[in-house]
Amino acid sequence: MIDRLEPIPLVFWRSDSGREPVRDWLNELPREDKRTIGLDIARVPFGWPIGLPVCRPMGKGLREVRSSLPSRREAQVCSAFKTGRWWR
């Protein structure tokens, strides 16, 4: 287990135009759904390393966080880690 005093920093992807489509999508969801997704996403930086069922590796450093929402839908958010100047 890795001992860490602070969580891994988490940022949303931003397009060249400055838009953050994931944040925009989250803001459009009902409050209960936002809370569920937020808690699941927060598990990654606060609990790393973390695996299934919260965070599934998809290969080449890409990971999927899947949430079962109170609105009876499933949400998927992809994450990646940036080290130095390259994404991993």
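Here the structure is a predicted model, which means the values were calculated and not measured. (Residues numbered from 1 in each chain as written. Predicted model: local features only at pLDDT ≥ 70, side-chain atom pairs only at ≥ 80, totals over all residues. Heavy atoms only, no water.)

Let's talk about the pairing of strand β1 (residues 55-59)
For a regular strand, side chains alternate in direction, first toward one face of the sheet and then toward the other.
Here's step 1: Inspection of the sheet shows β1 paired to strand β2 (residues 62-68) by four bridges, in the antiparallel sense. Each residue of the ladder has a partner; that of Arg 56, found in β2, is Glu 64.
Here's step 2: Here β1 hands over to β2 after two residues, with Lys 60 in that stretch at a positive phi of 55°. (Pairing = 2+ DSSP bridges. Helix = DSSP H or I, 4+ residues; strand = E, 2+ residues; numbered from the N terminus.)

Topic: the pattern of salt bridges
Here's step 1: All told, the structure shown has six salt bridges when counted by the stated rule.
Here's step 2: Here Arg 14 ties to Glu 20 by a salt bridge, and the two come within 2.9 Å at their closest N and O atoms.
Here's step 3: For the salt bridge of Asp 33 with Arg 73, the shortest nitrogen-to-oxygen distance reads 3.4 Å. Taken as a pair, Asp 33 in helix α2 (residues 31-47) and Arg 73 in the loop between β2 and β3 (74-79) lie far apart in primary sequence, 40 residues in all.
Here's step 4: Its relative accessible area of 1% is what places Asp 33 among the buried residues. (Salt bridge = Lys/Arg side-chain N within 4 Å of Asp/Glu carboxyl O. Buried < 20%, exposed > 50% of the residue type's maximum accessible area, 1.4 Å probe, protein only.)

Quick look at the nonpolar core
Here's step 1: Membership of the largest hydrophobic core is limited to seven residues, which are Leu 26, Leu 29, Ile 37, Ile 41, Leu 69, Ala 75 and Val 77.
Here's step 2: Setting aside its immediate chain neighbours within four residues, Leu 29 contacts Lys 34, Ile 37 and Arg 73. (Core = buried A, V, L, I, M, F, W, Y, C linked by side-chain atoms within 4.5 Å. Contact = heavy atoms within 4.5 Å.)

Some words on the sheet that holds β1
Here's step 1: Read across the open sheet, the three strands follow the order β1-β2-β3; overall the sheet is antiparallel. Bordering the open sheet on either side are β1 and β3, each of which pairs with just one other strand. Across the sheet, the axes of successive neighbouring strands diverge by a mean angle of 30°, strand direction being ignored.
Here's step 2: Where α2 meets the sheet, its contacts fall on β1, β2 and β3, and the angle it forms with β2 comes to roughly 145°. (Axes fitted to C-alpha atoms, helices over the stretch in contact; angles between N-to-C directions.)

Some thoughts on the state of the cysteines
Here's step 1: Following the criterion strictly, the structure yields zero disulfides and no others.
Here's step 2: Summary of cysteine pairing: Cys 55 is not part of a disulfide, and the nearest cysteine sulfur, belonging to Cys 78, is at 9.7 Å.
Here's step 3: The class for Cys 78 is partly exposed, based on a relative accessible area of 49%. (Disulfide = S-S within 2.5 Å.)

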